[in-house]
Every structure is written in C-alpha cells, then in structure tokens.
Amino acid sequence: MYYYFYDFFLSDNKYQRILHRIENRAVDLGISGKIERESMLINSEKLILDNIRKGAKTIIAVGNDETVDKIINIAAREKVTVGIIPIGKKNKIAKILGIPEGSLACDILSQRRIKNLDLIKMNDKYYLSNLIINAKNAKVLCEKKYEISLPKKQGKIYIYNLANKNEIKKTFKLNQNIDNYFNPNDGLLDLVIKPAKQNLISKIFKKIIKNNPDKIKDISIVPVKKIKINSRDKKPLIINCENNNIVKTFLDIEIVSQKLNIIVGKDRKF
Amino acid sequence: MFKNQQIDEKTIETIIGQSVKVKGDFQTSGGMQIDGELKGTLNIGTDLIIGENAKIIANAQANRIMVSGKIKGNLKANESLEITETARIDGDLETKVLSTEPGAQINGMIKMSEISEKEKNNLKEKSQETEKNNGEE
C-alpha cells in the first residue's frame, strides 16, 4: 500500500494543478494510495507511523529535500520503502537519485527500482545526504583511533554519504578523480576538510616557489565509519543538515550500512 | 620525479591535505597521500605517498611507499620504496626494491629483503608498462 505525505508548503494554491496531475498519473499507473498533508498541529512522524501500522509499505515524500528528511527516520526504523516526488526548488536528493520533477516521478515510482542505501546516523537520528559541521575548536576523533585537527581559520567539516559529484568538484575545486568517493553503497562516510583560506601573497608564493603545486593536496578527504566531535570550549557546534540548523555540544556520527530502501531512477548519479 | 613510478594514484583513498594535522593510529585498507602533519602509526593496505610538505613522526607500513617529505620513524614497504630528492628520513628502512634520487637524506639502517623470481618478473612487467604508457603520453 502506498502512502503519500505532502509537505506543508504544498498547501499553497500554486501547487494545486501539479498535485492534481500527480494524483491522476498515480491512478493511471496503479500506484495511488492514501494522501495526507503535513499539518502544524499534528506530529508528522506520528502521522506516518500510524499509517505504517495500518499497512503502508511504501511512503512517498511529496515535496523537497526537507520533506525527505522528515520521513527518513521513521522509514529507516520501520523498514518501509521510500519514494520521492520532487516539487519546487531544493531537490538535490531527488536529482542524485535520478527522479524527475512532478508527475514524471510517478513513472519512476511505478518501475520500483529499489536500492538499499547507507544512512548517516548522528546521535539518534538518521540523515541521507550530508552534514556540514561548524567545528572550530572542536575535538574530532575518527574510528576511536586518531584525532584530526582542523586548519586555523577553517572550522568546517563536511560529511557526505550521498552527493552530487559534479557539485562537489565545483564546491571544493577538485581536479582529481572522485569516482571512489561519495558512494551511498560503500559503507563509508566521506569526511572532507577544506584548506585554510590563503591570502593573495601566499597564493603567489606557492605558485612561484613550489615546483609542482598541483601535486600538493590542499583538500583532505578521509573515508571513515565513525566520528566523534566534542566541543572543547563548551561552545555549541552548529550542524547544517538538509537545510536545517541543529545545535549540539557532542556529536556521535556513524555510517549505518544498507539501512534504507529507496526507489531510484536509472539516471541516478551513483 | 621517478619515471618508472610503481605507485598508482588511483589507489589513493585517503588524502590528508597540507593544512591538516592527524594524531593517532591510522589504519586503512586503501592507499593514502599525506601532505599535512601526522604523529602516531601508519598501517596502509596499498600505497602510501608522503608528499613534499608532509611532516611525519610515525612508523609506517605499506605495500609501496613514495617519500618526498620529512619523516621521523621507521618505514616498511612490503614491495617497493621510492625516495625523492626532497625527502628527509630519520629512521630505518625495510623493503625489497629501493630507489633513491640524488639529494635525498636518509639517517638510518636499510634492510633489504630478498625478492623472488616471480616478483622480479612482475616488477619488470610493470616498469615496461609504465615506460610504454609514458611513451604514449
């Protein structure tokens, strides 16, 4: 049984036509099911859980990346399959999974090409794509064995499970081959640390003095399974995940292999 | 740089950039390139590249090692060890195949293990392949 969870922002009138088209296409393909809209008054997880208890086997997140984030936890815990119908902006996850926008996504859902993906577990919550942690002055312990000190003036750690590799190459200005990284099936998190910001003089110095600057790696990429991050000065750590900011003083992050069944398209980017 | 490099950069999984410091015991089944600082021990499954800017205080073990930076500690390469002109090593070395460039500094003992006929042939094949690839480029 399919269960469609509409994000709150879709109650805007401008989305009515596209939702109508999606509902019609779902009926045509034989994948229609119960539809519920997110409400400010009812807890979303409770709403979804009630429907799983009533027999829903596939939960469809209709909306954007934030909608996916709202259902990931419950889907992972209850072992139900997740589908996505992306609408509007901020749909990076759907793009990586090869799911087109609007009613075209119904065709992908009906094909039921299911992949079993890894998830990031931070403290007790699951995340699908990535976490950006402002970890200035924080202690970063990997695999309980080694500690990484961040460069001065650079306090951010990027932790990826699922990512658009082209975007990563642009963001971090990478020239190297990154085919081995950012794979949501490899049982590893990819921890990325950007180099410290350089002033113009040191950039020129590096270009002139060093024989082969391209051979020297500025960026750090460390595949890991477990990371613990503690704030040294009791200042809170700010974590950005799926466009939401969370504040914590201690982070226990790990990869959980093959935790989520999700419907993907053949144009997926992994 | 060596013309007949045995190290394949494609095997590199972990990259420690030059502005990052690592402290502790590092173990990986893949390859590693270090351009930053590391204190502890290194146990690498395939290839280890110690870049020109790297400062390492550790005992390191890998299949193939290429050193261009500074290291205080013993190095054990199960297959081959390449030392470039910018390398400064304070420690003992153990390997089967060793190559050094003029200018490299080594303060320590060198222990060479015996190389089997099969390994000799493999090395020959690899270096011929690399020469062929370099010629094509």
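As the structure is a prediction and not an experimental result, all values here were calculated from the model. Per chain, residue numbering runs from 1 following the sequence as it is written. Each chain is given a letter, starting from A, and each ligand a number, starting from 1, according to the order in which they appear as written. Restriction of local features to residues with pLDDT of at least 70 applies here, the model being predicted, together with a cutoff of 80 or more for giving and counting side-chain atom pairs; totals for whole chains, interfaces and linings are based on all residues. Working from all heavy atoms in the structure, the side-chain values ignore hydrogens and water.

This brings us to the overall build of chain A. Runs of E in the DSSP output that reach at least two residues are strands. Runs of H or I that reach at least four are helices, and both are numbered from the N terminus. A count of helices and strands for chain A gives seven helices and 16 strands. Over its C-alpha trace chain A gives a radius of gyration of 21 Å, about what one expects of a compact globule, namely 18 Å for 270 residues. Overall, chain A is about 65 × 35 × 35 Å in size when its C-alpha atoms are taken along their principal axes. Note on classification: 1.4 Å probe, protein chains only; a residue is buried when its accessible area is under 20% of the maximum for its type, exposed when over 50%, partly exposed between these limits. Counting the 270 residues in chain A, one finds 48% classified as buried. None of His or the chain ends enter the tally, which takes Lys and Arg as positive and Asp and Glu as negative. Taken as the charge location is NZ of Lys, CZ of Arg, CG of Asp or CD of Glu. Averaging the coordinates of the 52 positive side-chain charges in chain A and doing the same for the 29 negative ones gives two points 6 Å apart. The globule rule is 2.2 Å times the number of residues to the power 0.38, and the radius of gyration it is compared with is taken over C-alpha atoms.

Okay, the pairing of strand S13 (residues 226-231) of chain A next. Residues and elements named next belong to chain A. Taking every second residue as pointing to the same face, the buried face of S13 carries Ile227, Ile229 and Ser231, while none of Lys226, Lys228 and Asn230 on the other face is buried. Pairing of strand S8 (residues 138-142) with S13, which is carried by five bridges, proceeds in the antiparallel orientation. Note that in S13 the partner of lysine 139 across the bridge is asparagine 230. When DSSP locates at least two bridges between a pair of strands, those strands are taken to pair. Note: S13 against strand S16 (residues 250-263), five bridges, orientation antiparallel. Note that in S16 the partner of isoleucine 227 across the bridge is isoleucine 253.

Residue and element names in this part refer to chain A. A patch is a set of surface residues, each over 30% in relative accessible area and not in a salt bridge, joined within 9 Å for like charges and within 5 Å for the nonpolar side chains Val, Leu, Ile, Met, Phe, Trp and Tyr. Calculation of accessible area relied on Shrake-Rupley with a 1.4 Å probe; when residues are assessed, cover is drawn exclusively from the protein chains displayed. Think of a salt bridge as a Lys or Arg side-chain nitrogen and an Asp or Glu carboxyl oxygen that are within 4 Å of each other. Together, Phe8, Met40, Leu41 and Ile42 line one region of the surface with nonpolar side chains, adding up to about 490 Å² of accessible area. Along the chain, leucine 41 falls in the loop between strand S2 (34-37) and helix H2 (44-53). What makes leucine 41 exposed here is its relative accessible area of 82%.

Moving on, we come to helix H1 (residues 16-29) of chain A. Residue and element names in this part refer to chain A. The span one expects for a helix is its residue count, reduced by one, times 1.5 Å. Along its 14 residues, H1 runs 20 Å from first to last C-alpha, staying within 8% of the 20 Å computed at 1.5 Å per residue. Burial in H1 covers these residues: Ile18, Leu19, Ile22 and Ala26. Seen end-on, H1 carries its buried residues on one side only, within an arc spanning 100 degrees. Turned more than 90 degrees away from the buried face of H1, the exposed residues are Arg17, His20, Val27 and Asp28. Downstream of H1 by a residue or two, glycine 30 has a phi angle that is positive, lying close to 75 degrees. In this description, one arc is meant: the one made by directions from the helix axis to the C-beta atoms.

All names here are of chain A. Each Phe, Tyr or Trp ring, with Trp reduced to its six-membered ring, pairs with another whose centre is within 6.5 Å; inter-plane angles below 30 degrees give stacked pairs, above 60 give edge-to-face pairs, and intermediate values give tilted ones. All told, the structure shown has seven aromatic pairs over all chains when counted by the stated rule. Arranged with centres 5.3 Å apart and planes meeting at 80 degrees, the rings of phenylalanine 9 and tyrosine 15 form a pair that is edge-to-face. Looking at phenylalanine 9, the relative accessible area reads 24%, which means it is partly exposed. Here the aromatic rings of tyrosine 160 and phenylalanine 172 are separated by 6.3 Å at their centres, their planes lie at 90 degrees, and the arrangement is edge-to-face. Of the two residues, tyrosine 160 is situated in strand S10 (residues 156-160) and phenylalanine 172 in the loop between helix H6 (165-171) and strand S11 (189-193); the sequence distance between them amounts to 12 residues. Taken as a pair, tyrosine 160 and phenylalanine 172 share a single burial class, namely buried. The structure contains a cluster of three or more aromatic residues connected by ring pairs, namely Tyr158, Tyr160, Phe172, Tyr181 and Phe182.

Residue and element names in this part refer to chain A. Applying the stated criterion to the full structure yields nine salt bridges over all chains. The salt bridge partner of glutamate 78 is arginine 53, with a shortest N-O separation of 3.0 Å. Residue glutamate 78 is located in helix H3 (residues 65-78), and its partner arginine 53 is located in helix H2; the two are separated by 25 residues in the primary sequence. Judged by relative accessible area, which is 27%, glutamate 78 ranks as partly exposed.

This part is about the packing of H1 of chain A against helix H5 (residues 104-111) of chain A. All names here are of chain A. Axis separation between H1 and H5 bottoms out at 9 Å; the angle between their running directions is 30 degrees. For the element pair H1 / H5, the angle class is roughly parallel. When the axes of H1 and H5 are compared, the crossing they make is right-handed. Across from Ile22, Arg25, Ala26 and Leu29 in H1, the residues of H5 making contact are Cys106, Asp107 and Ser110. Put simply, Ala, Val, Leu, Ile, Met, Phe, Trp, Tyr, Cys and Pro go in the nonpolar bin, Asp, Glu, Lys and Arg in the charged bin, and everything else, Gly too, in the polar bin. Here the residues of the contact of H1 with H5 sort into four nonpolar, one polar and two charged. Interaxial angles span 0 to 180 degrees and are taken between N-to-C directions of axes, which are lines fitted to C-alpha atoms, for helices over the stretch in contact. Oblique is the label for any angle not under 35 degrees, not over 145, and not in the 65 to 115 range, which are roughly parallel, roughly antiparallel and roughly perpendicular in turn. Left-handed describes a crossing whose near helix is turned anticlockwise from the far helix by less than a right angle; the clockwise case is right-handed. Residues are treated as being in contact if the distance between any of their heavy atoms lies within 4.5 Å.

Right, let's get into the interface of chain B and chain A. At the junction of the two partners, chain B supplies 21 residues and chain A supplies 25 residues. Throughout, buried area stands for the accessible area (probe radius 1.4 Å) lost by two parts on being put together, summed over both. Across the chain B/chain A interface, buried area totals approximately 1900 Å², and carbon plus sulfur atoms make up 47% of it. Looking only at chain B, the three residues that lose the most surface to chain A are Ile15, Gln18 and Ser19 of chain B, adding up to 26% of its buried area. Applying the counting criterion to the chain B and chain A interface returns zero salt bridges. Broken down by element, the side of chain B that touches chain A gets its largest block of residues, seven residues, from strand S2 (residues 21-28) of chain B. Each residue belonging to the side of chain B that touches chain A can be placed in one class, and the counts come to six nonpolar, eight polar and seven charged. Across four bridges, the pairing between strand S9 (residues 146-149) of chain A and S2 of chain B is antiparallel. Along S2 of chain B, the bridge assignment pairs tyrosine 146 of chain A with glycine 24 of chain B.

This brings us to the domain arrangement of chain A. Residues and elements named next belong to chain A. As far as domains go, chain A holds domain 1 (2-113) and domain 2 (127-257). Each partner contributes residues to the interface: domain 1 has 10 residues there, and domain 2 has 10 residues. With both sides pooled, the region where domain 1 packs onto domain 2 buries about 870 Å², and carbon together with sulfur makes up 66% of that total. On the domain 1 side of the interface with domain 2, the three residues burying the most area are Asp69, Ile93 and Ile96, jointly 49% of the side's total. Seen at the junction of domain 1 and domain 2, the total is one salt bridge. A salt bridge links glutamate 167 to lysine 92, with the shortest nitrogen-to-oxygen separation between them at 3.3 Å. An automatic or database domain assignment supplies the start and end points of every domain.

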